[in-house]
Each structure stands twice: as C-alpha cells, then as structure tokens.
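Architecture at a glance
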Amino acid sequence: MLHVENLTASIGGTPILNGLDLDVGSGGVHAIMGPNGSGKSTFAHALAGRDGYEIDGRATLDGVDLLDMEPEARAAAGVFVGFQYPVEIPGVNNMYFLRTALNSVRRARGETEIGARDFLAVAQEAMDLVEMKEDFLHRAVNAGFSGGEKKRNEILQMAVMEPRLAVLDETDSGLDIDALRIVASGVNALRRPERSMIVITHYQRLLDYIKPDFVHVLVDGRIVESGDHTLALHLDDHGYADFVNHDLDDAPERPLSGAAR
Amino acid sequence: MSETLREIKELTDASYEYGFSTDLDTDIAPPGLTEDTVRLISGKKDEPEWLLDWRLKAFAAWKSMDEPDWAKLEIHPIDYQSLSYWAAPTQKPVLDSMDDVDPEIRDMFDKLGIPLHEQKMLSNVAVDAIVDSVSVTTTFKMTLAAAGVIFCSFSEAVQDHPDLVREHLGSVVPVRDNFFAALNSAVFSDGSFCYIPAGVRCPMELSTYFRINSQNTGQFERTLIIAEDDSHVSYLEGCTAPQRDENQLHAAVVELVAKDRSEIKYSTVQNWYPGDENGVGGIYNFVTKRGRAHTDAKISWTQVETGSAITWKYPSVILQGDRSVGEFYSVALSSKRQQADTGTKMIHVGADTTSSIISKGISAGHGQNTYRGLVKVLRSAQNARNYTQCDSLLLGSECGAHTIPYIEVKNPSAQVEHEASTSTVGEDQLFYCRQRGMTEEDAMSMIVNGFCREVFDELPMEFAVEAQRLLSVSLEGSVG
C-alpha cells in the first residue's frame, strides 16, 4: 500500500528527513515515535505535499507516485493528514467546509457529488463517533474551538473523508484523558481492512488506546528501530536514549550522526 | 513563497465579465460644463424653475470649490470640460408597458442577469433600470402603488411629486457639502426616488440597477429615499460598466430620510469596471451617501465594493433623533491597481444613539485599501455608543491596507470602541484546505468569503449569493 523509500526532506538546505524507509500494508496501523525534532511532522507534511521542503526519494500509495502530485490530488488519492495544529478558518461554516472537502475529492475521482441531505446523514454518523453535538457543524472551522475540539474535528473530517491512508500527527497532544479516550475510540472505529494508518506520537499513552501493529522509532530523520507494541513500552520506561548517540536537545541542529544502534 | 505570490496574482487577475458595451441610439450632449450645460440638462428634463435655480446655485458653489485631496488616493487629473454631462438612450418617450422597452436595452439587462420582464422575475424585487443618464424602466410600479409606495425615476418624481422632492432634496447632503456633491447637484441626470408612507412595510425589495454605457460620459445620479414614521424599506443598488480604456466619472449622491421609528436598509453591490492590471481605464466612483435618522429610526448601510478604479465613498448616518441607530457593514476589495478609500461617518446628535461599523477590507495585486471612518459624538448625545471593527486581509505582498479612524467625542458619557486587525491568507490555511481536497482557487475563495461573512449576512438573501459569487469571480482567474 504505502511504500516509502529513501525519503529525504530539507528546508533551506537543512536536512530533516535523511533517508526514511517505511512500508505500511493495507489495514495496518503503524505508530511512529521519536524525540522532538526527529522529523515526525515533516514526514506527515512531506506525504501531504506541503510547500517549502526540498524532497527526494520515493513515496507511493498503491503504486502511484505521490511526490509529483499537488496536495489536493494526494487528498483525492486517499491521503488524509490529521494535523497537530489544525488551523482556524473564521466565517466558514464547519459543515460547508466538510461538504466542500468531500465533494472536491469525489469530483476529482469522477464520482457524483453528494447532496445536502445525504451529506447530513454522513456528517451525523461521524459526529456520533466523536461525541459532538449538532451545533458543532454550524460553527466556523476550528474558530474558538478548544484544543480537544480541534482534534475531535480532525477525526470527524477523517470519518467523512474515508481516506485510504490516514496520517495522524500528534493527535493526542493537548488532550485531557476524556478527549483522548474519545479521539482514540473514534480512530479505532475507523479501522478498516482497506485503510492504513500512521499514528505519530510522543507518548506511549495513546497506544494504550490505539493498539498499533508496528511501532517505529524515528531519530534524526530516519527510522532506527521497528518492533511491535512492546517497543513503545520500552520507550516509555527508558526514553529515546538507547537510540540516540548524542544529546537530545541538539538533535535538530546536528548533522547526520548514524544514529542506529 | 514567490510561487504562492504568483498564484495569488493569477487568482486576482480575473477578467471583468460585464465589460461588453451595447450599441444604443444615444442622445448625447457635447463635452463641456458651463451654466448652459446645466440649463440644457434641466431643459431636457422639463424641470420646474425652482430646480433649475437649485442646480445653478450648486454649479456656482462647485466653481468656487477644489477637489478634495485628503484621501489616500492617486487620482489622474480629471478634465471636467472634456466630459459629456448628458447621455440618454433614445427611445419612445412614454412607456405603456415593459414590452415597450427597447429590445436592445432589455437584452443588455438580460445579459447582466437583470430581467426587466416582471413575469420573468424570480425574486420579489422591483427594479429601476438606469442607463447612462436616465431611468429606462421601473418594474412592479402597480404592485407598489397599491401599498402606497412610490418607486420611480427621479425625473418622474420631479414631475409627479414635486413637493416631496422639493422638501427633501439637499436636506441631508447640502449642495455645498463637498466638491463632488456640488457637481452632482448641478448636473445630476436621473436616479431613483422612493417614498414609503407612514406605517407601511414595503412589500418587496426595491432595487436600482445602474449601467454606464456611453463613452466619455459622467454618470451623476441622485437617489432620494423617504421613509415616513413607522415605515420600513429595504433597497439595493447594483452597478456595472463596459470595459473602456479611459477613466469614467461616477459622482452620485444618495440621501436617506428615516422619520420616527422607521427603518431604511440600503445595500450596494458595486461592480463598476475596475480597469486592467496596469491601471488603465476603470470608473472613478466618487459618491456621497448620507442618511438622517430621526427618533427611534434605524439606517443600515451595507456595501460590497469590488469594482471601480478608485472608490471614494463614506456612507454616513446623522443620528439626529434620540435612540436612533446607525449601522455600516462594508466589504471592499482592491485588486489589480484599484484604490479604495472608504468608510463611514456616524454623527451622534440625539441621546442614547448607537452606531456600529463592521468594515472588511481585502487587498490583492497592487490594490490599496483604506478604511477611513469618523465617529463623532456631539455634546447633546448623552449615552451614545459606538462599536467599530475594521479587519483587513492582505493577499500578496504588493498591496496595502490602511485604517484611519477619527474619533471626536464631546460628551463624556459616550462609549466608543474600536477594534482593528490585519491578517494575511496564511499558507497554513491554504494548505489545510488543499489537504482536504480543495483546489487553491476554491480554498482562497472560501477563506475570503469566510472573512466577509458578517457583512454578507446583512445582505438580502439573493444578493448575498450574488455578492459571494462576485467576490469569487473577482478573485478567480478563469471567468470571462
């Protein structure tokens, strides 16, 4: 399904991803963990096609090359990113935004657009999933939302968009324990045999709720260790020290250090 | 970054879809402005002596006045002697029915999306259609007459309701008010007249559609709306012009009189030809709009200004009566080389008067957008309140946004609030929308429309849709 090979990304000559390899099979849930500055969010942005990075290497979804596509084309191909910091769009009704998004990808795929009434049913189901009240749909996109509401809105969007590949970037950050439970159960309910997920997180805590099939450790822009969910437990006990041969605080500035054990 | 800027430029270099001109047989006066020109116009319209005197007084005043230069605008010198002050499509003098309207004029308005056939009209809106200097037709006159509402061209009102016109003309905007108002008072050609009798809620939206068609003509229309005690009216004006290489002058005056407990809601969707991306051509839109609100009356201005090379316009409210209310909601878009210096004046005279101002300025391309607003609280205005919110949105790095609020308070009980913000359409916002599958154009249009939401919500429904579309078109590169 998702195949990433020797992916590099840099900003203004500063390397961030340094040859990342990853394969995610259909239905698989992969967790990516790593210290600050290891390139986790950059990986999500690189997959989604954000401007401003120099990118090299390969990333294909179902054999289709993602890296040459515009962000909206990648979305139509089934890539969804749940953002760490969802932006506010004042004055734009959440429901209108959602329907425009859904119909944009449907149009791009040559499917018929969904009408207002049918959409409401789709939205309602998604709302139940993240335990949101109706008025949520009528507020402006993320404007004045609490941190937890923003993250729940991301999961709501994911439920509506039904992506082939969901990349959830630190969806757990800034959540209290109740919001964490809601977000995690939403994600679990959206697991499908044909849908792959990449869950990016700092903490093992989220993985108590979302059981990953694989855990990868990202350090200095490459994956240095992969394992099952017990790897996350190990990290929780010991931190990233085992995988890093320099002071963690220096990580973003340091050149390639051959960090694998 | 430069990539994004280039894209924004493409998005904002939209073409102007109303740029066509129509071949009409037109009765046009030779260029030039003298007392004789004023007499010619008055004579053409068969006006009473008092009105000619009024015009001549205004002309004398205008000659002694100078063009205002305080606005943040770069204006090519205007040669007032090279303009023609009278242009009228020649057609049968009396129209018995809508079918008598010149088919070419009907076609022109059809093309503009303003059908003049009453049976074809979808919405509950009466239209006064004005081409160049004169009103060509007014729809739904009979329906309105049944309610006692007078809605006709200004010229007709002068003939049929001279007392009403004489009593109110210049009562809100005096002839000497400013250079352009004085000019208008001298040479105004036509416009709309509305009279809502006491206690009447106007049964439909009233609308005037202005179209400049002839070359080298100025358009000077005069609108007068009188709402008697306890009445209510909602009025909309729309404007377009053909695409021409020279600048055309549009200097209108609008006067609103809101008597006790009445309400006038005045909405404008202004889409005059803005000129091309090099600043060639386009309408100079120098307009004076003012209303007087008597006791417990309310005047609400809503404007969506997307056109014109230069806009100089400050729809204002004199809050004369106690507890009167003034509102100003504005969206002004300046792209290409457009310049807008616009805002409002809220003059609090009566006690417990309240005003609110919501201004949204959007600058793109090389556009310059200035909000200029005056909130004046006189000594007599006990417990006056004002709330002002000015938001500016910048698309690109070559454009400018300026906010110039003037606040003059003579009564210490006044509460005046001013909030201002300037933002850009962030790359974050665009990327977020694109990650959700939207094209960059759709995303931009959605974000900008969201920015204007509070103002669009004030427009009558069908015009809100139109305004939203207009804004998208002005920002897109693909419509022609």
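Residues numbered from 1 in each chain as written. Chains lettered and ligands numbered in written order. Predicted model: local features only at pLDDT ≥ 70, side-chain atom pairs only at ≥ 80, totals over all residues. Heavy atoms only, no water.

1. Concerning the overall build of chain A
Just so we agree on the cut-off: Strands are runs of DSSP state E lasting at least 2 residues, helices are runs of H or I lasting at least 4, and numbering of each runs from the N terminus. The globule rule used for comparison is 2.2 Å times the number of residues to the exponent 0.38, while the radius of gyration itself is calculated over C-alpha atoms. Partly exposed describes any residue whose relative accessible area lies between the buried limit of under 20% and the exposed limit of over 50%, with all areas from a 1.4 Å probe on protein chains only and scaled to the type maximum. Every residue pair with non-hydrogen atoms within 4.5 Å of one another is taken to be in contact. Accessible surface area values rest on a Shrake-Rupley calculation with a 1.4 Å probe, where residue burial reflects the displayed protein chains alone. His is not counted here, nor are the chain ends, while Lys and Arg score as positive and Asp and Glu score as negative. Note on charges: their place is set at NZ of Lys, CZ of Arg, CG of Asp or CD of Glu.
A count of helical and extended segments in chain A gives 9 helices and 12 strands. Scaling as 2.2 N^0.38, a compact globule of 261 residues should have a C-alpha radius of gyration of about 18 Å, and chain A matches this with 18 Å. By its C-alpha atoms, chain A is 55 × 40 × 35 Å across when sized along the principal axes. Here chain A, with 261 residues, has 54% of them falling under the buried criterion. Contacts spanning at least 24 positions in sequence make up 67% of the contacts within chain A whose residues lie at least 6 apart. Surface summary for chain A: the accessible area is close to 11,000 Å², and the carbon and sulfur share equals 48%. Taking the average location of the 24 positive side-chain charges in chain A and that of its 41 negative ones, the two points are 5 Å from each other.

2. Some thoughts on the sheet that holds strand 3 (residues 29-33) of chain A
Residue and element names in this part refer to chain A. So the rule is basically this: When DSSP locates at least two bridges between a pair of strands, those strands are taken to pair. Angles here are taken between N-to-C directions and fall from 0 to 180 degrees, while the axes themselves are lines fitted to C-alpha atoms, restricted in helices to the stretch in contact.
If you trace the 6 strands from one edge of the open sheet to the other, you get 6-9-10-3-11-12, paired in mixed fashion. Each end of this open sheet is capped by a strand with a single partner; those strands are strand 6 (79-82) and strand 12 (222-227). The sheet shows a mean angle of 20 degrees between the axes of neighbouring strands, direction not considered. Taken together, the 5 bridges between strand 11 (residues 214-219) and strand 12 define a ladder with antiparallel strand orientation.

3. A few points about the environment of Y273 of chain B
Residues and elements named next belong to chain B. Locating Y273 in the fold gives a position in the loop between strand 12 (263-270) and strand 13 (282-293). Y273 sits in the buried class, given a relative accessible area of 5%. Separated by 105 residues in sequence, Y273 and L378 place their C-alpha atoms 39 Å apart.

4. Things to note about the interface of chain A and chain B
Definition in use: A 1.4 Å probe defines the accessible area here, and the buried area is the portion of it lost by two parts on being joined, summed over both. The salt bridge criterion pairs a side-chain nitrogen of Lys or Arg with a carboxyl oxygen of Asp or Glu, the two atoms within 4 Å. For the purposes of these results, a polar contact is taken to be a pair of N or O atoms within 3.5 Å, where, inside protein, one atom must be able to donate a hydrogen and its partner to accept one; residues adjacent in sequence count only when each atom of the pair is a side-chain atom. Just so you know the grouping, Ala, Val, Leu, Ile, Met, Phe, Trp, Tyr, Cys and Pro go in nonpolar, Asp, Glu, Lys and Arg go in charged, and all remaining residues, Gly too, go in polar.
Contact residues are listed per partner, giving 33 residues for chain A and 20 residues for chain B. Buried area between chain A and chain B, summed over both chains or domains, comes out near 2,100 Å², and the portion from carbon and sulfur atoms is 60%. The largest share of the area that chain A buries against chain B comes from R50, E72 and V87 of chain A, three residues that together contribute 26% of it. Where chain A packs against chain B, one counts 5 salt bridges. Residue D442 of chain B pairs with R107 of chain A through a salt bridge whose shortest N-O separation is 3.8 Å. At the surface where chain A touches chain B, the tally comes to 13 residue pairs in polar contact (both at pLDDT 80 or more). In terms of residues, the side of chain A that touches chain B owes the most to one element, helix 3 (residues 94-108) of chain A, which gives 7 residues. Its residues placed into classes, the side of chain A that touches chain B shows 18 nonpolar, 8 polar and 7 charged.

5. Quick word on the packing of aromatic side chains
All names here are of chain B. This is how it is decided: What counts as a ring pair is set by centres within 6.5 Å for rings of Phe, Tyr and Trp (its six-membered ring), and what kind of pair is set by the plane angle: stacked under 30 degrees, edge-to-face over 60, tilted for all other angles. Only when the NZ atom of a Lys or the CZ atom of an Arg is both within 6 Å of the ring centre and within 35 degrees of the ring normal do we say a charge sits over the ring.
For the coordinates displayed, the defined rule picks out 21 aromatic pairs over all chains. Between the aromatic rings of W312 and Y314, the centroid separation amounts to 5.5 Å while the plane-to-plane angle is 85 degrees, which identifies the pairing as edge-to-face. Across this residue pair, the class does not change: W312 and Y314 are buried. By way of ring pairs, the aromatic residues F59, W62, W70, Y80, F179, F180, Y284, F286, W312 and Y314 are connected into one cluster. The ring of F188 is capped by R222, whose NZ or CZ atom sits 5.8 Å from the centre of that ring. A cation over an aromatic ring shows up here: R436 above the ring of Y432, its NZ or CZ 4.9 Å from the ring centre.

6. So, the packing of helix 3 (residues 49-63) of chain B against helix 8 (residues 179-187) of chain B
Residue and element names in this part refer to chain B. Inclusion rule: Put simply, a crossing is left-handed when the front helix is turned counterclockwise from the back one by less than a right angle, and right-handed when it is turned clockwise.
Two elements in contact, helix 3 and helix 8, have axes separated by 7 Å at closest approach and are oriented at 145 degrees. As helix 3 packs across helix 8, the resulting crossing turns out to be left-handed. Between helix 3 and helix 8, the residues in contact are W54, R55, A58, F59 and W62 and F179, A182, L183, S185, A186 and V187, respectively. Residues of the contact of helix 3 with helix 8, tallied by class, amount to 9 nonpolar, 1 polar and 1 charged.

7. Digging into the confidence of the model for chain A
Residue and element names in this part refer to chain A. Put simply, the rule reads: Every residue carries a pLDDT, the predictor's confidence in it, which falls somewhere between 0 and 100.
Averaged over all residues, the pLDDT of chain A equals 89, while 93% of them reach at least 70. No element of chain A has a lower mean pLDDT than helix 9 (residues 229-238), at 86, and none a higher one than helix 2 (residues 71-77), at 97. Segment residues 248-261: pLDDT under 50, and 20 contacts once partners within four positions in sequence are set aside and those in other chains are kept.

8. Observations regarding helix 3 of chain A
Residue and element names in this part refer to chain A. Put simply, the test is: The span one expects for a helix is its residue count, reduced by one, times 1.5 Å.
With 15 residues, helix 3 should reach 21 Å at 1.5 Å per residue; the first-to-last C-alpha distance of 21 Å fits that figure. Three or more residues of helix 3 are buried, namely N94, M95, F97, L98, T100, A101, L102, N103, S104 and V105. Remark: G110 follows helix 3 within two positions and exhibits a positive phi of approximately 75 degrees.

9. Section: a negative patch on the surface
The condition is simple: Surface patches are drawn from residues lacking salt bridges whose relative accessible area is over 30%; two like charges belong together within 9 Å, two nonpolar side chains (Val, Leu, Ile, Met, Phe, Trp, Tyr) within 5 Å.
A surface patch of negative charge is lined by E125, D128, E162 and E194 of chain A. Classification of E125 of chain A by relative accessible area gives exposed; the value is 61%.

10. Some points on the nonpolar core
Under the convention used in this document: Residues belong to one nonpolar core when they are buried, are Ala, Val, Leu, Ile, Met, Phe, Trp, Tyr or Cys, and are joined through side-chain atoms within 4.5 Å.
Counting 98 residues, the largest nonpolar core has F43 and I198 of chain A together with I362 of chain B as the members making the most contacts within it. Excluding residues within four positions of it along the chain, F43 of chain A makes contact with V4, L7, L17, L20, L22, I32 and I198 of chain A. Listed in part, the 49 residues of the second largest apolar core include A157, V165, F180 and V187 of chain B.

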